[in-house]
Amino acid sequence: IYSTVCIACHQPTGQGLPPMFPPLAGSDWVNVKKPDRMIRMVLHGFTGPFTLNGQPFTSPAPLMPPQGGALNDEQIAGVLTYVRSNFGNKAGAVTPAEVAAIREAEKTRSAMWTEAEILKIPTE
């Protein structure tokens, strides 16, 4: 899934293409205990400026297009597990059940997430 869906923006090394596409390698967004924010970002997308590893990251385009309609729970869990355990990241695996629970909880959402909204989701 990473090679098909994510690689063009985040690159084979997970370094992204700043200033347009953020790195996943060593990202403080990736290396958190709970993957709930990342699951939401993959399902519904993410847009707008945000802070990455303490530095502002701005982009004129939506940063992450929604993939919830194209990918099933197993595929999302698999790609997030891959990202969270590669590129120097050391976060835990994501299960299809976690993705399914968030998909159900957010089933009425149609808008992309913004930093202000997603930061309300706990990571511990």
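Residues numbered from 1 in each chain as written. Predicted model: local features only at pLDDT ≥ 70, side-chain atom pairs only at ≥ 80, totals over all residues. Heavy atoms only, no water.

Asks: Looking at this structure, how should I read the nonpolar core?
Replies: Proteins that are soluble and globular tend to have nonpolar side chains buried together. Residues Phe46 and Leu80 are the most contacted members of the largest nonpolar core, which totals 29 residues. Residue assignment for this core shows that the elements contributing at least two residues are α1 (2-10), α2 (36-44), β1 (50-52), α3 (73-84) and α4 (96-105). Not counting residues within four places of it along the chain, the set of residues in contact with Leu80 comprises Met38, Ile39, Val42 and Val94. (Core = buried A, V, L, I, M, F, W, Y, C linked by side-chain atoms within 4.5 Å. Buried < 20%, exposed > 50% of the residue type's maximum accessible area, 1.4 Å probe, protein only. Helix = DSSP H or I, 4+ residues; strand = E, 2+ residues; numbered from the N terminus. Contact = heavy atoms within 4.5 Å.)

Asks: Before we go on, may I ask you to explain the pattern of salt bridges in this structure?
Replies: Charged atoms that come close allow side chains of opposite charge to pair. This model, assessed by the stated rule, comprises five salt bridges. Salt-bridge contacts for Asp73 lead to Arg103; the nearest nitrogen and oxygen are separated by 2.7 Å. Placement of the pair is Asp73 in helix α3 and Arg103 in helix α4, with a sequence separation of 30 residues. (Salt bridge = Lys/Arg side-chain N within 4 Å of Asp/Glu carboxyl O.)

Asks: Looking at this structure, I do not really get the packing of α2 against α4. What am I missing?
Replies: Closest axis-to-axis distance for the α2/α4 pair is 10 Å, and the angle between their directions is 65 degrees. When you trace α2 past α4, the crossing you get is right-handed. Taking contact as the criterion, the partners of Asp36, Ile39, Arg40 and Leu43 in α2 are, on α4, Glu98, Val99, Ile102 and Arg103. Its residues assigned to classes, the contact of α2 with α4 comprises four nonpolar, no polar and four charged. (Axes fitted to C-alpha atoms, helices over the stretch in contact; angles between N-to-C directions. Left-handed = near helix turned anticlockwise from the far one by under 90°. Nonpolar A, V, L, I, M, F, W, Y, C, P; charged D, E, K, R; others polar.)

Asks: Just to check I follow, could you spell out the environment of Glu124 for this structure?
Replies: Examined against the element boundaries, Glu124 turns out to sit in the segment after α5 (115-118). Residues Glu124 and Thr108 lie 16 residues apart in sequence; the distance between their C-alpha atoms is 25 Å. Residues contacting Glu124, with those up to four places away along its chain left out, are Lys33 and Lys34.

Asks: Could you clarify how one ought to interpret the state of the cysteines in this entry?
Replies: Applying the stated criterion across every chain, the model contains zero disulfides. Of all cysteine sulfurs, the one in Cys9 lies closest to Cys6, which takes part in no disulfide; the gap is 8.6 Å. (Disulfide = S-S within 2.5 Å.)

Asks: Can you help me understand the packing of aromatic side chains in this one?
Replies: For any two aromatic rings, the description comes down to two numbers: the centre-to-centre distance and the angle of the planes. Taken as a whole, this structure holds seven aromatic pairs when the rule is applied. Here Trp29 and Phe46 contribute two aromatic rings whose centre-to-centre distance is 5.6 Å and whose plane-to-plane angle is 65 degrees, an arrangement assigned as edge-to-face. Taken together, the residues span a long stretch of sequence, with Trp29 in the loop between α1 and α2 and Phe46 in the loop between α2 and β1 at a distance of 17 residues. Here Trp29 matches Phe46 in class, with each residue buried. Ring geometry for Tyr82 and Phe87: centres 5.6 Å apart, planes at 90 degrees, overall edge-to-face. For Tyr82, a relative accessible area of 35% translates into the label partly exposed. An aromatic cluster of at least three residues, connected via ring pairs, comprises Trp29, Phe46, Phe50 and Phe57. Above the plane of the ring of Trp113 lies Arg109, whose end atom (NZ or CZ) is 3.6 Å from the centre. (Phe/Tyr/Trp six-rings, centres within 6.5 Å; stacked < 30°, edge-to-face > 60°. Lys NZ or Arg CZ within 6 Å of the ring centre and 35° of its normal.)

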